[in-house]
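Residue-level structure breakdown
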Amino acid sequence: MNSTYDVLLDRLQVAFERIAPGSDPVLRHSDRGDYQANGVMGVAKRLGRPPREVAEELVSALEIADIAEVEIAGPGFLNLTLTTHFLERQLRQVLQDPRMGVASTAHPKKVVIDYSAPNVAKEMHVGHLRSTVIGDALARMYRFAGHQVIARNHVGDWGTNFGMLIEHLIDLGEHAAMASLSIGDLDSFYRAARAKFDSDDEFKERSRTRVVSLQAGDPETRRLWAILVDESVAYFAEVYAKLDVTLAPEDVVGESYYNDMLSDVVADLDRAGLLVDSGGALCVFPPGFTNRDGDPMPVMVQKSDEGYGYATTDLAAVRDRVRTLGADEILYVVGAPQGQHLEMIYAVARMAGWLPDSVRVEHVAFGNVLGPDRKMFKSRSGETVKLVGLLDEAIERADVALASRQSDLSQAERQHLATQIARAAVKYADLSTERQRDYIFDLDRMIAFEGDTGPYLQYAHARLRSIFRRLGTLWEPTDVHFALASAPERDVALGVLAFPEAFASALAGLQPHRLCVYLFDLAQRFTTFYEACPVLSVEPPLRDERLALCEVTARTLSLGLSLLGIEAPDRM
Ligand code: ARG
């Protein structure tokens, strides 16, 4: 089906085309009419004519009477009020459309999304939570739009730290080490290794030698390294399962995957004449990047000890993603502080010819998670807060909230529901703030059933579903007549029909929060409707109309939440 917005836009475009070819009607939602076209001023300016006159000419050229009433407002805005006839036509189509009016893209792209990317033998922190939750929402949205998503979990599984980590593993004994890692005790493992490295010269020396063996591919060292990686990745998988994210084991393509490509990367850069020797290290200086003192800044591709680092790996990754995977678009869902690093990587990759202009690269940056004191979120003892611990606490709180309600849920059902609510609380709190901004981690607020929260939206959906349960019989939406006689009914209808443009805007801006804003608004429209309009106690055909509005609202909420990675249980 064609979305309501697209139908309107098509009609407007015909008239705008006639008067000023190539112009944009700038169609937006409006508080006054249902929509407004703000493009008249631009056209008037282009033609050098008074806006009011242009507006009148546009209105007479518009063939739109069957779908909207048009009114010229102010200096030349076009206010559009949709006809009931058109709303009914659209609602009937949406009733039959599982995609709720969102068309699949006509130009499917291959989109690589780099997200989550925790580090081996280190606890996932709240920054990784943000990357995981935002990245997963974008992955779901892109897939729904009809694109092919290749998730890349760029796990930090390489580097000089691994010397000390492997030596610590040997000291502990493989079994004890595995036991500690498999229960997710990553931070104490890491800290213990670090402490020995800093205080024990013999250990430090062993660690150094071990890094050399690791880089040389010594089989025993590799085997020990693989234990660290496998145990950590298995632990990450548990966190993903608990969060219900779509990341799969095969999406883990850690930094080490690129090892064999690094020398080629440097050779390519050398052939392109881009390498500069800087105190024994090989660097590329992409133009336009300077430090505070105005000096050009390097991307170091090979250290003076001939080793490679984070940047070289990222260069290899871009090259591989374009050349081997055939990416049309690459998204990096990485914290804001890595913005400059990424910009420099793109710049070098472009200079080397690995990143053609036709490939879109985007840093999906996000802000910090703060504690109640507005400082970086840390546990009381000053350590990074353990992600699973937060989720478990959220599950516990949801369970307590559920237990205080009268319900016939079994213990197992309640536990499952509590998990669904907790995930919704944590994910929605993260996704509903504009991602570049910081937010305060406040479980009480996040898990409340009232306000702009995940559980509130789930609850709105469950209430809708309960209406159908109380109906007692199976309801089939055939031949529903939409009179939309009252404002709350009309507002719900308009809300549901606006889903495609909310989705499109969230996707185009890589801003899941726009979808959150939309869903919260829809839930509020429903609440107003439900308070004003009895559903089950009225007679058909009004009852069928209202049931149909409930049905499309429930489905839109459920679909919208699913695109954010949030489940919509039928009862709560
Ligand atoms: N492992 C890194 C970290 O924890 C994030 C990696 C992001 N992805 C990338 N391609 N650099 O900060």
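Read on for an overview of the structure. Keep in mind the model is a prediction, meaning the values are calculated, not measured.

Thoughts on the overall build of the protein
Along the protein, the regular secondary structure elements total 21 helices and 13 strands. In the protein, the proportion of contacts linking residues at least 24 apart, taken out of those at least 6 apart, comes to 74%. Element-wise, carbon and sulfur atoms account for 50% of the exposed surface of the protein, whose accessible area totals about 25100 Å². Charge-centre separation for the protein: the mean point of 60 positive side chains lies 2 Å from the mean point of 82 negative side chains.

Here's the deal with the pattern of salt bridges
When their charged atoms lie close together, side chains carrying opposite charge are able to pair. For the structure shown, the criterion picks out 32 salt bridges. Residue Arg-11 pairs with Asp-66 through a salt bridge whose shortest N-O separation is 2.8 Å. Placement of the pair is Arg-11 in helix H1 (residues 4-19) and Asp-66 in the loop between helix H3 (51-61) and strand E3 (68-73), with a sequence separation of 55 residues. The shortest N-O distance in the salt bridge between Arg-271 and Asp-268 comes to 2.7 Å. Taken as a pair, Arg-271 and Asp-268 lie in helix H11 (residues 262-271) at a separation of 3 residues, close to a single helical turn. Through salt bridges with shared partners, a single ionic network connects Glu-167, Asp-171, Lys-196, Glu-202, Arg-206 and Arg-210.

What to know about the packing of helix H6 (residues 161-172) against helix H8 (residues 186-199)
Between H6 and H8, the shortest axis-to-axis distance is 9 Å and the interhelical angle comes to 100°. Put simply, H6 runs roughly perpendicular to H8. The segment H6 lies against H8, with Asn-161, Met-164, Leu-165, His-168, Leu-169, Asp-171 and Leu-172 engaging Phe-189, Tyr-190, Ala-192, Ala-193, Arg-194, Lys-196 and Phe-197. Class assignment for the residues of the contact of H6 with H8 results in 9 nonpolar, 2 polar and 3 charged.

Side note on the side chain of Asn-153
In this structure, Asn-153 sits in the loop between strand E6 (148-152) and H6. What Asn-153 contacts, discounting residues up to four positions off in sequence, is Tyr-115, Ser-116, Ala-117, Pro-118, Tyr-240, Leu-247, Asp-251, Val-252, Val-253 and Gly-254.

A few points about the site of the ligand
Near the ligand you find Asp-114, Ala-117, Asn-119, His-128, His-154, Tyr-310, Asp-314, Tyr-332, Val-334 and Gln-338, and these make up its full shell. The contact in question runs from a nitrogen atom of the ligand to an N or O atom on the backbone of Ala-117, over 2.9 Å. Between His-128 and the ligand, the recorded distance is 2.9 Å, taken from a side-chain N or O atom to an oxygen atom. Surface burial for the ligand is 87%, taken as the share of its 350 Å² of free accessible area covered by protein chains. For the shell around the ligand, a count of residues per class yields 4 nonpolar, 4 polar and 2 charged.

A closer look at the sheet that holds strand E5 (residues 110-114)
Ordered in space as E6-E5-E10-E11, the 4 strands form an open sheet in which the pairing is parallel. Across the chains shown, the open sheet's two edge strands, defined by having one partner strand only, are E6 and strand E11 (360-363). Here the strands of the sheet are splayed against their neighbours by 15° on average, with no regard to which way each runs. Sheet topology note: the strand E10 (residues 329-332)/E11 ladder contains 4 bridges and is parallel. From the neighbouring strand, Tyr-332 faces E11, where its bridge partner is His-363. Across the sheet, helix H5 (residues 126-145) is in contact with E5, E6, E10 and E11; its angle to E5 comes to roughly 170°. Contacts from helix H12 (residues 310-323) reach E5, E6 and E10 within the one sheet, and its direction differs from that of E10 by about 145°.

Description of the sheet that holds strand E1 (residues 27-29)
Taken in spatial order, the 4 strands line up as E1-E2-E4-E3 in an open sheet, and their pairing is antiparallel. The sheet is open, and its two borders are formed by E1 and E3, each paired with just one other strand. Recorded for the sheet is a direction-independent mean angle of 30° between the axes of neighbouring strands. Two strands pair when backbone bridges link them, and E3 and strand E4 (residues 77-82) are joined in this way by 6 bridges, in the antiparallel orientation.

Description of the nonpolar core
Among the nonpolar cores identified, the biggest contains 160 residues, and Leu-8, Ile-113, Leu-165, Leu-228, Phe-499 and Phe-503 are the most heavily contacted of them. Not counting chain neighbours up to four residues away, the residues in contact with Ile-113 comprise Gly-135, Leu-138, Ala-139, Tyr-142, Val-149, Ile-150, Ala-151, Arg-152, Leu-331 and Val-333. If you look at the next biggest cluster of nonpolar residues, it comprises 38 residues, including Ala-316, Tyr-332, Met-344 and Tyr-346.

Considerations on H12
Helix length check: H12 (14 residues) gives 20 Å between terminal C-alpha atoms against 20 Å at 1.5 Å per residue, within 8%. Among the 14 residues in H12, 12 count as buried, and that is most of the element. When H12 is considered as a whole, its buried residues turn out to be Ala-311, Thr-312, Thr-313, Asp-314, Leu-315, Ala-316, Ala-317, Val-318, Arg-319, Asp-320, Arg-321 and Val-322. In this structure, the buried side of H12 is in contact with E5, E6, H11, strand E9 (299-302), E10 and helix H13 (339-351).

A few points about the packing of aromatic side chains
Within this structure, the stated rule accounts for 14 aromatic pairs. Taking the centre distance of 5.0 Å and the plane angle of 85° together, the rings of Tyr-257 and Tyr-258 count as edge-to-face. On the accessibility criterion, Tyr-258 (0% relative accessible area) is buried. Between Phe-377 and Phe-441 the ring centres are 5.1 Å apart and the planes differ by 25°, which places this aromatic pair in the stacked class. Pair noted here: Phe-377 is in the loop between strand E12 (369-370) and helix H14 (387-403) and Phe-441 is in the loop between strand E13 (439-440) and helix H16 (443-446), with a separation of 64 residues, a long-range link.

Considering unusual backbone geometry
The omega angle of the peptide bond from Pro-540 to Pro-541 is 5°, so this bond is cis rather than trans. Backbone geometry places Ala-117, a non-glycine residue, at a positive phi of 45°. Among the structural elements, Ala-117 can be located in the loop between E5 and H5. Positive phi values are uncommon outside glycine, yet Asp-479 reaches one of about 55°. Following the sequence through the fold, Asp-479 ends up in the loop between helix H17 (454-471) and helix H18 (487-497). Residue classification places Asp-479 among the exposed positions, given a relative accessible area of 70%.

Cut-off values and rules
- Residues numbered from 1 in each chain as written.
- Predicted model: local features only at pLDDT ≥ 70, side-chain atom pairs only at ≥ 80, totals over all residues.
- Heavy atoms only, no water.
- Helix = DSSP H or I, 4+ residues; strand = E, 2+ residues; numbered from the N terminus.
- Contact = heavy atoms within 4.5 Å.
- Areas by Shrake-Rupley, 256 points an atom, 1.4 Å probe, with all protein chains shown as cover.
- Lys, Arg positive; Asp, Glu negative; His and termini not counted.
- Charge placed at Lys NZ, Arg CZ, Asp CG, Glu CD.
- Salt bridge = Lys/Arg side-chain N within 4 Å of Asp/Glu carboxyl O.
- Axes fitted to C-alpha atoms, helices over the stretch in contact; angles between N-to-C directions.
- Parallel < 35°, antiparallel > 145°, perpendicular 65-115°, else oblique.
- Nonpolar A, V, L, I, M, F, W, Y, C, P; charged D, E, K, R; others polar.
- Near = heavy atom within 4 Å.
- Polar contact = N/O pair within 3.5 Å; in protein donor to acceptor, adjacent residues only side chain to side chain.
- Pairing = 2+ DSSP bridges.
- Core = buried A, V, L, I, M, F, W, Y, C linked by side-chain atoms within 4.5 Å.
- Buried < 20%, exposed > 50% of the residue type's maximum accessible area, 1.4 Å probe, protein only.
- Expected span 1.5 Å × (residues − 1).
- Phe/Tyr/Trp six-rings, centres within 6.5 Å; stacked < 30°, edge-to-face > 60°.

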